[in-house]
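Below, each chain spelled out in residue letters.
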Amino acid sequence: MHKVSDVKVEQDILKINKRIASDNRALFDENGVTVFNVMGAIGSGKTCLIEKAIDMLKDEYSIAVMAGDVVAKYDSDRFTAHGIISIPISTGKECHLDAHFIEHGIEELDLSSIDVLFIENVGNLICPSDFDLGEHFKIVIVSVSEGDDIVMKHPVIFKNADLTVVNKIDISEYVGASSEKMAEDSMRCGCPRVIMASCKKGAGIDEWIQYLRDSIEG
Ligand code: MG
Ligand code: ZN
């Protein structure tokens with residue numbers, strides 16, 4: 001059971017997080033950096049979709065990534081293999097990124113030379129939605145292999161998202177999931193936009209890139 005003092009501590013943590021997040025956002029804005037917070041469960045395809053974005057946008061924009069994971073080296077190495085800067089943010093025991101991690105990540109970057117920053121959050125559909133990082137856009141990636149009731153079980157993260165990507169639609173029938181239901185559920189939760197995709201097979205990737213380009217150009 002939660003004690004009153006636990007609730008108070010949580011409120012204080014979120015308040016401090018909000019302050020640091022708005023400092024981060026001010027820095028991003030001063031330097032003209034558009035920031036995407038990419039959230040989603042483990043194995044939903046966050047890394048794959050960011051890799052596609054890097055490949056298709058890196059000639060137009062200077063791109064950097066902050067790769068958040070309990071052990072961040074593995075995804076971070078995947079990103080640097082695409083010829084961009086990636087900052088690994090290992091959270092240790094934490095199951096989400098918070099604004100303080102990003103504040104330290106910023107110290108490793110020359111923001112004035114960057115146009116676009118992708119932040120890959122820790123794989124998890126629960127607490128990442130509570131923590132503003134200073135991003136401009138929140139994106140949730142959800143895969144059909146998580147089951148087509150996964151969206152309704154985690155309404156808050158979809159409510160707060162600017163975009164949902166329903167990924168791995170090519171395997172829907174093998175896993176017995178309706179990707180259409182997942183898309184409808186996401187809209188019902190309040191997410192204004194859904195893209196159906198298969199990152200591995202290439203479906204929806206043009207729309208994903210167009211969404212990012214439109215968001216960057218504002
Ligand atoms: Mg990943
Ligand atoms: Zn967490």
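Preceding this section is the structure that the text describes.
Let me sum up the structure you'll find in this document. Along each chain, residues carry numbers from 1 onward, in the same order as the chain's sequence is written. As a convention, the first chain written is A and the first ligand written is 1, with the rest following in written order. Restriction of local features to residues with pLDDT of at least 70 applies here, the model being predicted, together with a cutoff of 80 or more for giving and counting side-chain atom pairs; totals for whole chains, interfaces and linings are based on all residues. Only hydrogens and water are set aside; all other atoms, that is, all heavy atoms of the structure, feed into the side-chain values.

1. Thoughts on a nonpolar patch on the surface
Patches in this entry comprise residues that are over 30% relatively accessible and not in a salt bridge; like charges within 9 Å are linked, as are nonpolar side chains (Val, Leu, Ile, Met, Phe, Trp, Tyr) within 5 Å. We get accessible surface area from the Shrake-Rupley algorithm with a probe of 1.4 Å; when it comes to residues, only the shown protein chains can shield them. For salt bridges, the criterion is a side-chain nitrogen of Lys or Arg within 4 Å of an Asp or Glu carboxyl oxygen. On the surface, a cluster of nonpolar side chains totalling about 310 Å² of accessible area is made up of Val70, Val71 and Tyr74. Helical segments are the DSSP runs of H or I of at least four residues, strand segments are the runs of E of at least two, and each set is numbered from the N terminus. Locating Val70 in the fold gives a position in the loop between β2 (63-69) and α3 (73-80). A relative accessible area of 42% means that Val70 is categorised as partly exposed. For every residue, the accessible area (1.4 Å probe, protein chains only) is compared with the maximum for its type, and the residue is labelled buried under 20%, exposed over 50%, or partly exposed between those bounds.

2. Here's the deal with the coordination of the zinc ion (ligand 2)
For a metal with four tetrahedral donors the ideal donor-metal-donor angle is 109.5 degrees, while six octahedral donors give ideal angles of 90 or 180 degrees. Distances from the zinc ion (ligand 2) to its protein donors, Cys95 (SG), His96 (ND1) and Cys127 (SG), fall at 2.0 to 2.2 Å. Assessed through its relative accessible area of 36%, Cys95 is described here as partly exposed. In this listing, donors mean N, O and S atoms no farther than 2.8 Å from the metal, or 3.2 Å for Na, K and Ca; water is missing from the atoms, so a site can look incomplete.

3. Quick look at a negative patch on the surface
Together, Asp23, Glu103, Glu107 and Glu108 make up a negatively charged patch on the protein surface. Within the secondary structure, Glu103 is located in helix α4 (residues 99-107). The exposure class assigned to Glu103 is partly exposed, which follows from its relative accessible area of 30%. Positive charges come from Lys and Arg alone, negative charges from Asp and Glu alone, with His and the N- and C-terminal ends not counted. Taken as the charge location is NZ of Lys, CZ of Arg, CG of Asp or CD of Glu.

4. Thoughts on α3
Residues of α3 that are buried include every one of Asp75, Ser76 and Phe79, and no others. Seen end-on, α3 carries its buried residues on one side only, within an arc spanning 100°. Every residue pair with non-hydrogen atoms within 4.5 Å of one another is taken to be in contact. For α3, the elements touching its buried residues are α2 (46-57), β2, β3 (85-90) and β4 (116-120). Arc definition: it is the arc formed by the directions from the helix axis to the C-beta atoms.

5. Let's talk about the sheet that holds β3
Through backbone hydrogen bonds, the strands of a sheet pair up, either in parallel or in antiparallel fashion. Ordered in space as β3-β2-β4-β1-β5-β6-β7, the 7 strands form an open sheet in which the pairing is parallel. Where the open sheet ends on each side, the last strands, each with one partner, are β3 and β7 (194-196). Put simply, the sheet's adjacent strands are angled 20° from each other on average, direction ignored. Sheet topology places strand β1 (residues 34-40) next to β4; 5 bridges connect them, and they run parallel. Across the sheet, residue Phe36 finds its bridge partner in β4, namely Phe118. Here an axis means a line fitted to C-alpha atoms, over the contact stretch when the element is a helix, while the angle between two N-to-C directions is reported on a 0 to 180 degree scale. Most of the contacts of helix α9 (residues 205-217) go to β1, to which it runs at about 140°, and overall it touches β1, β4, β5 (137-143), β6 (163-167) and β7. When DSSP finds at least two bridges between two strands, those strands are taken to pair.

6. Examining the packing of α2 against α9
Two elements in contact, α2 and α9, have axes separated by 10 Å at closest approach and are oriented at 70°. Between α2 and α9, the angle is such that the two are roughly perpendicular. For the crossing formed where α2 meets α9, the hand is right-handed. Counting all contacts with α2, which are made through Leu49, Lys52, Ala53, Met56 and Leu57, the residues of α9 involved are Ile205, Asp206, Trp208, Ile209, Leu212, Arg213 and Ile216. Throughout this entry, Asp, Glu, Lys and Arg are counted as charged residues, while Ala, Val, Leu, Ile, Met, Phe, Trp, Tyr, Cys and Pro are counted as nonpolar. The remaining residues, Gly among them, count as polar. Residue composition of the contact of α2 with α9, grouped by class: 9 nonpolar, no polar and 3 charged. These descriptions rest on fixed angle ranges, namely under 35 degrees for roughly parallel, over 145 for roughly antiparallel, 65 to 115 for roughly perpendicular, and the rest for oblique. In this scheme the crossing of two helices becomes right-handed for a clockwise turn of the near helix relative to the far one and left-handed for an anticlockwise turn of less than a right angle.

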